[in-house]
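# Chain and residue survey
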Amino acid sequence: MKQTKKQQTWANLDKEKVYTIADAIEALRPYCSKKFDETLEIAVRLGIDVTKNDQNIRGMLTLPNGTGKTVRVAVFTINNQDDAKKAGADVVGGEDLIEQVAAGNVNFDRVIATPDMMPKMSKVARVLGPKGLMPNPKLGTVTNNVAEAVKIAKAGQIEYRAEKNGIVHAGLGKMSFATDKLVENVNALIEQLKKIKPASSKGQYILACSIATTQGPGLKVEAK
C-alpha cells in the first residue's frame, strides 16, 4: 500500500523508542496540523479483565490544566434550574428537555441530572446511553448540587473508562498548551489510574502507554 506524504514524514519518528512524556510531545509537535489545534490523546493498556465487575474501571477526573475544549453542559432538573443557569449550564430543562432529546436534539457534551429526574430519564436512555451521556451517580453527574457539578464539568473534567482489552483512551489537552502543562495532565490521569487499581488485578498493571495527536502517529511513553 502506497504511503501518504504524512506517513512518509512520520517515518522519521522512531516508533519503537520509549520516550519520556515531554520528549514525545516535543517530537510530535512538528507534525501537527496548521489548520486546527490538535488534541493530545493517550492510550493506556491495563492488566485488567473488563468482563469482571470489580475490574471495570471508570471515573471522572478534573485535569490540572483543563482540556482546552468548550464543554456544553445540559442539566435535567425541575427545582434547581436557576442554580444551573447561574453556574453556566448551556441547556437547562425538565420534562420539556427530555422531550427534545427524545426527538433527537442532543446539542451538548455532558449531562447532569438531579435524582428526582432519573426515573424520567429512562425515556432517553437509548439516545444518551450510546453517546456515553447518561447521568451516573458514581460519576457525580446525578446530584442535587448542580451548580458545583456544572462548574467542575466546565473546568476541564474528563471521563475515563477501560474499553475492550483494558485500554483507556482520553484527550488530555490541546497541542497549543505548553509542554509542561500537557505533561501535568498526562501524569494526572496515570496517577489516577494507579490510585484505583483493582485489588483483584494481579501482575503488571500498566502494560503499555502511548500518546498521539488527533491526526498524528502514536509514540510509546514511560508511565512511571
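See above for the structure.
Residues numbered from 1 in each chain as written. Predicted model: local features only at pLDDT ≥ 70, side-chain atom pairs only at ≥ 80, totals over all residues. Heavy atoms only, no water.

## With respect to the pattern of salt bridges
Where side chains of opposite charge bring their charged atoms close, a pairing between them can arise. As enumerated under the stated definition, the model contains 8 salt bridges in all. Lys 154 is the partner of Asp 90 in a salt bridge, and the nearest nitrogen-oxygen pair spans 2.6 Å. Of the two residues, Asp 90 is situated in the loop between α3 (81-87) and β5 (91-93) and Lys 154 in helix α7 (residues 146-154); the sequence distance between them amounts to 64 residues. Of the charged contacts, one joins Lys 120 and Glu 95 as a salt bridge, the two residues approaching to 3.3 Å between their closest N and O atoms. Pair noted here: Lys 120 is in helix α5 (residues 118-121) and Glu 95 is in helix α4 (residues 95-102), with a separation of 25 residues, a long-range link. Given the relative accessible area of 33%, Lys 120 is considered partly exposed. (Salt bridge = Lys/Arg side-chain N within 4 Å of Asp/Glu carboxyl O. Helix = DSSP H or I, 4+ residues; strand = E, 2+ residues; numbered from the N terminus. Buried < 20%, exposed > 50% of the residue type's maximum accessible area, 1.4 Å probe, protein only.)

## Quick word on the sheet that holds strand β6 (residues 110-113)
An order of β5-β4-β6 is seen for the 3 strands of this open sheet, with the pairing classed as parallel. Every interior strand has two partners, whereas the edge strands, β5 and β6, have only one. Mean inter-strand twist for the sheet, computed between neighbouring axes without regard to direction, equals 15°. Taken together, the 3 bridges between strand β4 (residues 73-76) and β5 define a ladder with parallel strand orientation. Residue pairing in the sheet places Ala 74 in a bridge with Val 91 of β5. Along the sheet, α7 makes contact with β4 and β6, crossing β4 at roughly 165°. (Pairing = 2+ DSSP bridges. Axes fitted to C-alpha atoms, helices over the stretch in contact; angles between N-to-C directions. Contact = heavy atoms within 4.5 Å.)

## Some words on the packing of aromatic side chains
This model, assessed by the stated rule, comprises 1 aromatic pair. When the centroid spacing of 6.4 Å and the interplanar angle of 85° are considered together, the rings of Phe 76 and Phe 108 count as edge-to-face. Of this pair, Phe 76 sits in strand β4 while Phe 108 sits in the loop between α4 and β6, placing them 32 residues apart in sequence. With a relative accessible area of 5%, Phe 108 lands in the buried category. (Phe/Tyr/Trp six-rings, centres within 6.5 Å; stacked < 30°, edge-to-face > 60°.)

## Some thoughts on unusual backbone geometry
Notably, Asn 165 is not glycine yet its phi reads approximately 70°, a positive angle. Residue position: Asn 165 is located in the loop between β7 (157-161) and β8 (167-174).

## Focus: α7
For α7, the set of buried residues is Val 146, Ala 147, Ala 149, Val 150 and Ala 153. An end-on view of α7 places all buried positions within 165° of arc, on one side of the element. Gly 156, located one to two residues past α7, shows a positive phi value of around 115°. (Arc of directions from axis to C-beta.)

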